Amino acid sequence: MAADKDGGGGSGRSCFVLGASGATGGVLLRELLSRRLFSRVTLIGRRRLSLGEEASGVTVEQAVVDFERLGEHAAAFQGHDVGFCCLGTTRAKAGADGFVRVDRDYVAQAAELARAGGCKHFVLESSRGANPKSHFLYLRVKGEVENLVQALGFDRCTILRPAVLLCKRQESRPTEWMVQRFLGAVAWLFPTSYTVPVETVVRAMVAIVLQPGKGKVEVLENEAIHQLGKAVPQQGT
Ligand SMILES: NC(=O)c1ccc[n+]([C@@H]2O[C@H](COP(=O)([O-])OP(=O)(O)OC[C@H]3O[C@@H](n4cnc5c(N)ncnc54)[C@H](OP(=O)(O)O)[C@@H]3O)[C@@H](O)[C@H]2O)c1
């Protein structure tokens, strides 16, 4: 594992983020750093990210790991209060087997290591329609991983099930782009039904960690994500 540190200060609490280089994870990272909810933030990913000035005031550690040998990186998962998981790929990018490996196996292994490392609250970004009995691979895998994570018995486990994410991507995903354009227009009529901006998902995650848990496992559907996202003011407003 390669680990580097920047910054210092904050609340005395620690979290890790899986998927900080992605659309949701990137926005989450910016929120965590600007709100200083945690004094230590560990980014666990397959490559090192360039953070610039954002890290000021919070200790940021980067653990660059080989997800095929995650067990060798248990130290990165040690001693966190909260773990955020925004990891995922697509069938188009990774093939069916690769998608299952990332979205189910990597996530479940990471959650296991987090639990063993003392993490109290695991926050998983899943998907609307997640269902282990679904005929659709995507929804079935999401349902399976939800069950695997829940079974680990975290003190608190929050599962978010967003609908189509509205976000700007660096990479080209033409189908997603078209779906976003179409549903982005539909969102004028039904703002909480078919889509959710990644910023709203992230504010819901922030709200979740700021409020006490309502039971061991909380599942937030898209509507609830919108509601919770509203409960936290945008930064700078
Ligand atoms: N897109 C949607 O409309 C939608 C809707 C509902 C739920 N979701 C779910 O929400 C979650 C987050 O979605 P997103 O669109 O924010 O994610 P994203 O932008 O695709 O980012 C995915 C993250 O996972 C990492 N990752 C992907 N493949 C990997 C691999 N083989 N090994 C290690 N790391 C890997 C990426 O790292 P690199 O940067 O290194 O590739 C990145 O940090 C996913 O689980 C997704 O299925 C998405």
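Residues numbered from 1 in each chain as written. Predicted model: local features only at pLDDT ≥ 70, side-chain atom pairs only at ≥ 80, totals over all residues. Heavy atoms only, no water.

Overall, the coordinates contain 13 salt bridges when judged by the stated rule. Two residues, R69 and E72, come together in a salt bridge whose shortest N-O distance is 3.2 Å. Using a relative accessible area of 47% as the deciding quantity, one classes R69 as partly exposed. Taken together, the shared-partner salt bridges connect E68, R101, R104, D105 and E144 into one network. (Salt bridge = Lys/Arg side-chain N within 4 Å of Asp/Glu carboxyl O. Buried < 20%, exposed > 50% of the residue type's maximum accessible area, 1.4 Å probe, protein only.)

For the rest of this paragraph, the subject is the environment of V198. Examined against the element boundaries, V198 turns out to sit in helix α5 (residues 198-210). Put simply, V198 and L28 are 170 residues apart on the chain and 8.8 Å apart in space, counted from C-alpha to C-alpha. If near-sequence neighbours (up to four positions away) are discounted, V198 is found in contact with A23, T24, V27, L165, L166 and C167. (Helix = DSSP H or I, 4+ residues; strand = E, 2+ residues; numbered from the N terminus. Contact = heavy atoms within 4.5 Å.)

Bringing the packing of helix α1 (residues 23-35) against α5 into the picture now. The relative placement of two packed helices is expressed as an angle between their axes plus a distance between the axes. At their nearest, the axes of α1 and α5 sit 9 Å apart, and the two run at 50 degrees to each other. The orientation of α1 with respect to α5, classified from their angle, is oblique. Crossing of α1 against α5: the hand is right-handed. Contacts from A23, T24, V27, L28, E31 and R35 of α1 reach α5 at V198, E199, V201, V202, R203, M205 and V206. Here the residues of the contact of α1 with α5 sort into eight nonpolar, one polar and four charged. (Axes fitted to C-alpha atoms, helices over the stretch in contact; angles between N-to-C directions. Parallel < 35°, antiparallel > 145°, perpendicular 65-115°, else oblique. Left-handed = near helix turned anticlockwise from the far one by under 90°. Nonpolar A, V, L, I, M, F, W, Y, C, P; charged D, E, K, R; others polar.)

This part takes up the packing of aromatic side chains. Under the counting rule described, the total for this entry stands at six aromatic pairs. Relative to F122, the ring of F16 lies with its centre 6.3 Å away and its plane at 55 degrees, an arrangement referred to as tilted. Separated by 106 residues along the polypeptide, F16 in strand β2 (residues 14-18) and F122 in strand β6 (residues 121-125) bring together distant segments of the chain. Centre to centre, the rings of F122 and F154 are 5.1 Å apart; their planes meet at 20 degrees, and the pair counts as stacked. Of this pair, F122 sits in strand β6 while F154 sits in the loop between α3 (137-151) and β7 (156-161), and the two are 32 residues apart along the sequence. The buried category is assigned to F122, whose relative accessible area is 0%. For F154, a relative accessible area of 2% corresponds to the buried category. Pairwise contacts between aromatic rings join F16, F77, F122 and F154 into one cluster. Between the NZ or CZ atom of R115 and the centre of the ring of F154, over which it lies, the distance is 6.0 Å. (Phe/Tyr/Trp six-rings, centres within 6.5 Å; stacked < 30°, edge-to-face > 60°. Lys NZ or Arg CZ within 6 Å of the ring centre and 35° of its normal.)

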